[in-house]
Amino acid sequence: MSDDFEDMGPVDYLVIEFPGNRMTGEAFPLLLDLVDRGIVRILDLMFVRKDTDGSVVALELRDLDADGEFDVSVFEGSSSGLLGQDDLNEAGMALEPGNAAGILVYENLWAAPLARALRRSGAQLVAGGRIPVQALLASLEAAEAAEGGAAA
């Protein structure tokens, strides 16, 4: 194992769909803030569009800011080479035709010290996941309903 890997925090990815190719750029400053504060490090940021015929097309960052509303130039060069055409096609499979998506691969810098300590002790991650907010809310609502039914 290389020293670079030993020092890294967990790496995650997100595929974020923009219905109708509408990207406002509202989240970009928030992402930059996470980077500036050393919470995450962007490894890759790419955008794709799924055409109505089902084909997936990579979008250039400079093409995303047609109206000049948000500055995407700060993300130019956010490419480690981890994402390839197969990854773009796979992300495109999750999209509805006519929509676009951002694909973000990022390192969780906040967790790097914990990850290093765990690796040094011989521990390894054997499972992981993410709970969608909608599923969490539904579960909480079901629990509240069950409590309300039990109290009656």
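Since we're looking at a predicted model, the values are computed, not measured. (Residues numbered from 1 in each chain as written. Predicted model: local features only at pLDDT ≥ 70, side-chain atom pairs only at ≥ 80, totals over all residues. Heavy atoms only, no water.)

Draft legend 1. The arrangement of the overall build of the protein chain in detail. The helix and strand tally for the protein chain stands at five helices and four strands. Listing the helices and strands of the protein chain from first to last along the sequence gives α-β-α-β-β-α-β-α-α. Taking all 152 residues of the protein chain together, 26% fall into the buried category. (Helix = DSSP H or I, 4+ residues; strand = E, 2+ residues; numbered from the N terminus. Buried < 20%, exposed > 50% of the residue type's maximum accessible area, 1.4 Å probe, protein only.)

Draft legend 2. Structural view of a nonpolar patch on the surface. A cluster of nonpolar side chains, namely Ile131, Val133, Leu136, Leu137 and Leu140, defines an oily patch on the protein surface of about 490 Å² accessible area. Topologically, Leu137 is positioned in helix α5 (residues 133-151). (Patch = residues over 30% accessible without salt bridge, like charges linked within 9 Å, V, L, I, M, F, W, Y side chains within 5 Å. Areas by Shrake-Rupley, 256 points an atom, 1.4 Å probe, with all protein chains shown as cover. Salt bridge = Lys/Arg side-chain N within 4 Å of Asp/Glu carboxyl O.)

Draft legend 3. How the structure looks around the pattern of salt bridges. All chains considered together, the criterion is met by four salt bridges. For Asp33, the salt bridge goes to Arg37, with nearest N and O atoms at 2.9 Å. Take Arg37: its relative accessible area is 53%, and that puts it in the exposed class. The partner of Glu107 in a salt bridge is Arg41, with the nearest N and O atoms 2.6 Å apart. Within this pair, whereas Glu107 is found in strand β4 (residues 100-108), its partner Arg41 is found in strand β2 (residues 40-50), the two being separated by 66 residues in sequence.

Draft legend 4. Fine view of the packing of aromatic side chains. One pass over the structure, following the stated rule, counts one aromatic pair. Seen in terms of ring centroids, Phe28 and Phe47 are 6.2 Å apart; in terms of plane orientation they differ by 85 degrees. Their pairing is edge-to-face. Taken together, the residues span a long stretch of sequence, with Phe28 in helix α2 (residues 28-36) and Phe47 in strand β2 at a distance of 19 residues. By relative accessible area, which is 3% here, Phe47 ends up buried. (Phe/Tyr/Trp six-rings, centres within 6.5 Å; stacked < 30°, edge-to-face > 60°.)

Draft legend 5. How the structure looks around the layout of surface pockets. In this structure, the largest pocket encloses a volume near 650 Å³. The wall of the largest pocket is formed by 20 residues, among which Gly9, Pro10, Val11, Ala115 and Leu125 lie closest to the centre. Contributions of two or more residues to the lining of the largest pocket are made by β1 (11-18) and α4 (112-120). When residues in the lining of the largest pocket are grouped by element, the largest group, four residues, is from α4. Here the residues of the lining of the largest pocket are counted per class, giving twelve nonpolar, five polar and three charged. (1 Å grid on protein atoms, 1.4 Å probe; cavity = no way out; pocket = protein on both sides within 12 Å on 5 of 7 lines; lining within 4 Å. Points joined across faces, edges and corners; volume = space filled by probe spheres on them. Nonpolar A, V, L, I, M, F, W, Y, C, P; charged D, E, K, R; others polar.)

Draft legend 6. How the structure looks around the side chain of Asn108. Looking at where Asn108 falls in the secondary structure, it is placed in strand β4. On the basis of relative accessibility, which here comes to 7%, the residue Asn108 falls in the buried class. Look past the residues within four positions of Asn108 in its chain and what remains in contact with it is Gly9, Pro10, Val11, Asp12, Ile39 and Val40. (Contact = heavy atoms within 4.5 Å.)

Draft legend 7. Representation of the side chain of Asn99 within the structure. With respect to the secondary-structure elements, Asn99 resides in the loop between α3 (85-93) and β4. Asn99 gets classed as buried once you look at its relative accessible area, which sits at 10%. Side-chain polar atoms of Asn99 contact the side chain of Glu17, separated by 3.0 Å. Sequence-distant contacts of Asn99, that is, excluding residues within four places in its chain, are made with Glu17, Phe18, Pro19, Gly20, Asn21, Val48, Arg49 and Lys50. (Polar contact = N/O pair within 3.5 Å; in protein donor to acceptor, adjacent residues only side chain to side chain.)

Draft legend 8. Spatial organisation of the nonpolar core. Met23, Phe28, Leu31, Val40, Ile42, Leu45, Phe47, Leu59, Leu61, Ala100, Leu104 and Tyr106 together form the largest nonpolar core, which totals twelve residues. Those elements that place two or more of their residues in this core are α2, β2 and β4. With four residues, β2 is the single largest residue contributor to this core. Core analysis: the next-biggest nonpolar cluster, separate from the first, contains ten residues, Val48, Val56, Leu83 and Ala91 among them. (Core = buried A, V, L, I, M, F, W, Y, C linked by side-chain atoms within 4.5 Å.)

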